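Close look at the chain arrangement
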Amino acid sequence: MSVVIWSDGALREPTDPLVTGVDHGLTVGDGVFETCAVYEGQAFALTRHLRRLRRSALGLGLGEPDLDEVRAAVDKVLAVAGDAGRLRITLTGGPGPLGSHRFDPEEQRQTLVVLAGPATRAQVSRVVRVPWVRNERSAVAGLKTTSYAENVVALAEAYRQGADEAVLANTVGALCEGTGSNVFVERGGELVTPPLSSGCLAGITRELLLEWGAADGLPVREAEPEELPYDVLDEVVAGDAHLLLSGSIRNIAPTVRVDAVDVAAGPLSLAAQRLFQEHVGRDLDP
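First, a word on what this report is: a plain description of the structure on this page. (Residues numbered from 1 in each chain as written. Predicted model: local features only at pLDDT ≥ 70, side-chain atom pairs only at ≥ 80, totals over all residues. Heavy atoms only, no water.)

1. Some words on the packing of aromatic side chains
Per the counting criterion, the structure on display carries four aromatic pairs. For the pair F33 and Y148, a centre-to-centre distance of 5.2 Å together with 80° between the ring planes defines the contact as edge-to-face. Here F33 is found in strand β3 (residues 31-39), whereas its partner Y148 is found in the loop between β7 (125-134) and α4 (149-160), with 115 residues between them in sequence. The exposure class of F33 is buried, given its relative accessible area of 5%. (Phe/Tyr/Trp six-rings, centres within 6.5 Å; stacked < 30°, edge-to-face > 60°. Helix = DSSP H or I, 4+ residues; strand = E, 2+ residues; numbered from the N terminus. Buried < 20%, exposed > 50% of the residue type's maximum accessible area, 1.4 Å probe, protein only.)

Below, the structure is given as structure tokens:
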């Protein structure tokens, strides 16, 4: 299927010009976004995604987003998107100065673009370690911004090595996240994910797995500070632990290779994958 796009109040063609060349999202990456899986023509967990979109926008210093407009745009896109597998919502500061300084929120004319398109979901993940780190003290730590160059570079390296994701440490050597995923380590009879203080994104899939796991008796929790150093991945390579990735499109995907080493999917990781899909089948906006 082709991509379906909504912008400035109407559906657009993929070749239509949508933003000005001085849009601050284009010139300096001054924007935020959300990506949702689409099931049966409905964006999964849309309410949670919009809550995070607002949190990211305000954290970045953008004006209050019009979530009613976002929902209306989502409805229009999905009504004609057919068998779309993903939805992306992008919100920027709109036209702005050529430098990093932006207009005050009350002066901004935000740009909103909503699109739907195909998605491919893999049941497993293959990851590599990379030398770059997340800055847990960054001004935008924990915000889902359009400033994605670091992720592009790291993911390109993963693909160069035949993997589909790169896993990063933070500046103090703790396990943090993937370029577009959260991570869980299975060891000691538990699934443990880095705390948000590590600088990782508060992923919607991560959030739901923690909630649903607790409700269904799956031993899954957030790690204590310093509990998951980056070299815990050595344990995964050695077969003494397992790695699980979570994300809006991949959902829950056990890892079967780290660097050049094939590893086994853990039993709790596989149970988490089944649990998540069962819950998705019950409620598309949990």
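2. So, unusual backbone geometry
Backbone geometry at D8 places phi at a positive 50°, although glycine is not the residue there. Examined against the element boundaries, D8 turns out to sit in the loop between β1 (4-7) and β2 (10-12). D8 gets classed as exposed once you look at its relative accessible area, which sits at 67%. Phi at N251 is positive, roughly 60°, even though this residue is not glycine. Assignment of secondary structure puts N251 in strand β14 (residues 251-258). Residue class for N251 comes out buried when judged on its relative accessible area of 5%.

3. With respect to empty space enclosed by the protein
If you walk through the whole model with that rule in mind, you get one cavity of 30 Å³ or more. In this structure, the largest cavity spans a volume of roughly 30 Å³. In terms of lining, the largest cavity is formed by A37, F44, A45, H49, I204, T205 and S248. Its residues assigned to classes, the lining of the largest cavity comprises four nonpolar, three polar and no charged. (1 Å grid on protein atoms, 1.4 Å probe; cavity = no way out; pocket = protein on both sides within 12 Å on 5 of 7 lines; lining within 4 Å. Points joined across faces, edges and corners; volume = space filled by probe spheres on them. Nonpolar A, V, L, I, M, F, W, Y, C, P; charged D, E, K, R; others polar.)

4. A short note on the state of the cysteines
For the structure on display, the rule yields zero disulfides. Cysteine C36 is unpaired, with the sulfur of C200 as its nearest cysteine sulfur at 19 Å. For C200, which is in no disulfide, the shortest distance to another cysteine sulfur is to C176 and amounts to 5.4 Å. Exposure remark for C200: the relative accessible area of 2% places this residue in the buried category. (Disulfide = S-S within 2.5 Å.)

5. Structural notes on a negative patch on the surface
On the surface, D8, D66, D68 and E69 cluster together into a negatively charged patch. If you trace the backbone, D68 turns up in helix α3 (residues 67-80). Classification of D68 by relative accessible area gives exposed; the value is 63%. (Patch = residues over 30% accessible without salt bridge, like charges linked within 9 Å, V, L, I, M, F, W, Y side chains within 5 Å. Areas by Shrake-Rupley, 256 points an atom, 1.4 Å probe, with all protein chains shown as cover. Salt bridge = Lys/Arg side-chain N within 4 Å of Asp/Glu carboxyl O. Lys, Arg positive; Asp, Glu negative; His and termini not counted. Charge placed at Lys NZ, Arg CZ, Asp CG, Glu CD.)

6. What to know about the pairing of β14
Buried residues dominate β14, accounting for seven of its eight residues. Relative to β14, β7 runs parallel, the two sharing three bridges. Following the sheet pairing, S125 is matched in β14 by T255. With four bridges joining them, strand β13 (residues 242-247) and β14 adopt antiparallel strand pairing. Residue L244 lies in a different strand from β14, and its bridge partner there is P254. (Pairing = 2+ DSSP bridges.)

7. Observations regarding the packing of helix α2 (residues 46-60) against helix α5 (residues 204-216)
Packing of α2 against α5 brings their axes to within 10 Å, and their N-to-C directions diverge by 125°. One finds that α2 runs oblique with respect to α5. At the point where α2 passes α5, the crossing takes the right-handed sense. Of α5, the residues touching α2 (which contributes R48, H49 and R52) are I204, E207, L208 and E211. Taken together, the residues of the contact of α2 with α5 break down into two nonpolar, one polar and four charged. (Axes fitted to C-alpha atoms, helices over the stretch in contact; angles between N-to-C directions. Parallel < 35°, antiparallel > 145°, perpendicular 65-115°, else oblique. Left-handed = near helix turned anticlockwise from the far one by under 90°. Contact = heavy atoms within 4.5 Å.)

8. Observations concerning the layout of surface pockets
Put simply, the largest pocket is a space of about 1,200 Å³. Looking at the lining of the largest pocket, the element that brings in the most residues is α4, giving five residues. For the lining of the largest pocket, the per-class residue count stands at 14 nonpolar, 20 polar and eleven charged. Approximately 290 Å³ is the volume found for the second largest pocket. If you go around the second largest pocket, you meet 18 residues; those closest to its centre are D8, R109, Q110, T111 and L112.

9. Description of the pattern of salt bridges
Enumeration according to the criterion identifies 16 salt bridges in this entry. The residue R129 makes a salt bridge to D259 at a minimum N-O spacing of 3.0 Å. Residue R129 is located in strand β7, and its partner D259 is located in the loop between β14 and β15 (261-262); the two are separated by 130 residues in the primary sequence. A relative accessible area of 24% places D259 in the partly exposed class. Among the ionic contacts, a cluster of salt bridges with common partners joins R48, E207 and E211.

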